[in-house]
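Residue strings, one per chain:
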Amino acid sequence: KIGRRGGNGGAVVYRGSGIGSAKCLCSGISSDERPKRPLTAYFRFLKENFPGFRQKNPEMSSVDLMRKIAGAWKVLPVSQKHVYVEATKTDWKRYEKQLATYKAQLTPAQAEALREEKRRQQARKRLSKTRKELALLGKPKRPRNAFNVFVAEHFKESEGITPVGKLKQLFDAWQKLSDSQKQPYKQLAEDDKVRYENEMTLWETKMLELGRDDLIRSKKQKPKKKTVETVKQAETAKASSREDKAQLQLEKSEE
């Protein structure tokens, strides 16, 4: 895969080639020391030809430029593609030898640390893929709590210079509000919950029609109808917990 920065003159980073890769230290060993996976035949072609295509098409964005290169690859004669395919095969043989040597030098703790890092990376990729899919399917945004509503309303006008500073200032201001001053934001949060449940009901109906039963919430996840008194009791019980979590997030951000 490749990372890219759009716009004219956008730079292209080739992952797996050792260019622009990020370090990750795990128990004294860097994942940068691990041999890099060889580029596929197509990405070899892309890496080799991108500068030339950029020079000939300076006005094109990186995305359009890569589409143009992909089209050139599709019509490239088999004999010319063969050169890139064979280069990849040669690199794979070298990579497998280097990888075996690399793994042999790891202690059990280092090997486990790197496996754990890989599991975390894969989990992040799965989560990102799921979020993108749900966005494409139009899943409704989750409801905001009262503090979120307050932040959204006052963020631009807050005194902090950085986002973290603004959030800290707003958190302090929220803590100083009386219950009556917080009530409008709590009501807006409750209204947002109603909006969310209504939209989710329609969305889940649509997902059932599409055969996506896997995206439907279980009965345990669906909130039960509550009386006004029950809602007030629940909000009171959760208020301190939410504020404690917000304070903890602020402390972590400052660190």
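Residues numbered from 1 in each chain as written. Predicted model: local features only at pLDDT ≥ 70, side-chain atom pairs only at ≥ 80, totals over all residues. Heavy atoms only, no water.

Taking an unreviewed UniProt entry as the reference, the chain is identified by name as Transcription factor A, mitochondrial belonging to Athene cunicularia. In its Subcellular location (unreviewed entry) section, the UniProt entry covering the chain states "Mitochondrion matrix, Mitochondrion nucleoid". (UniProt positions renumbered as here; feature names shortened; annotations may be inferred.)

Asks: Please clarify how the overall build of the chain should be interpreted in this entry.
Replies: Tallying secondary structure elements over the chain gives eight helices and four strands in all. Listing each helix as α and each strand as β along the chain from the N terminus yields β-β-β-β-α-α-α-α-α-α-α-α. Within the chain, buried positions represent 27% of all 255 residues. Sequence separation of 24 or more characterises 62% of the internal contacts of the chain that already satisfy a separation of 6 or more. (Helix = DSSP H or I, 4+ residues; strand = E, 2+ residues; numbered from the N terminus. Buried < 20%, exposed > 50% of the residue type's maximum accessible area, 1.4 Å probe, protein only. Contact = heavy atoms within 4.5 Å.)

Asks: How do you make sense of the pattern of salt bridges when you look at a structure like this?
Replies: By the definition in use, this model includes 19 salt bridges. Here D91 ties to R44 by a salt bridge, and the two come within 2.3 Å at their closest N and O atoms. Placement of D91 in helix α3 (residues 78-104) and of R44 in helix α1 (residues 41-56) is noted, with a sequence separation of 47 residues between them. This pair shows no difference in class: D91 is buried, exactly as R44 is. (Salt bridge = Lys/Arg side-chain N within 4 Å of Asp/Glu carboxyl O.)

Asks: Sorry if this is basic, but what is going on with the packing of aromatic side chains here?
Replies: When we look at a pair of aromatic rings, we describe it by the centre distance and by the angle of the planes. This model, assessed by the stated rule, comprises eleven aromatic pairs. Their ring planes at 65° and their centres at 5.2 Å tell us that Y42 and F43 sit as a pair that is edge-to-face. With 6.0 Å between their ring centres and 70° between their planes, W73 and Y84 make a pair best called edge-to-face. One end of the pair, W73, is in helix α2 (residues 62-74); the other, Y84, is in helix α3, with eleven residues separating them in the sequence. Of the residues examined, W73 reaches a relative accessible area of 14% and is grouped as buried. The class of Y84 is buried, set by a relative accessible area of 12%. Counting every residue linked through ring pairs, the aromatic cluster contains Y42, F43, F45, W73 and Y84. Over the ring of F155 we find K166, and its NZ or CZ is 5.6 Å from the ring centre. (Phe/Tyr/Trp six-rings, centres within 6.5 Å; stacked < 30°, edge-to-face > 60°. Lys NZ or Arg CZ within 6 Å of the ring centre and 35° of its normal.)

Asks: Can you walk me through the environment of Y84 in this structure?
Replies: A C-alpha to C-alpha distance of 6.9 Å links Y84 and F45, two positions 39 residues apart in sequence. Ignoring anything within four residues of it in the chain, the contact list for Y84 reads A41, R44, F45, E48, N49, W73 and L76.

Asks: What should I look at first to understand helix α6 (residues 163-176) in this one?
Replies: A turn of α-helix holds 3.6 residues, and therefore any two residues three or four places apart point the same way. When the terminal C-alpha atoms of α6 are compared, their 20 Å separation across 14 residues agrees well with the 20 Å that a helix rising 1.5 Å per residue should span. Three or more residues of α6 are buried, namely K166, L170, F171 and W174. Relative to the axis of α6, the buried residues are bounded by an arc of 135° and lie together on one face. (Expected span 1.5 Å × (residues − 1). Arc of directions from axis to C-beta.)

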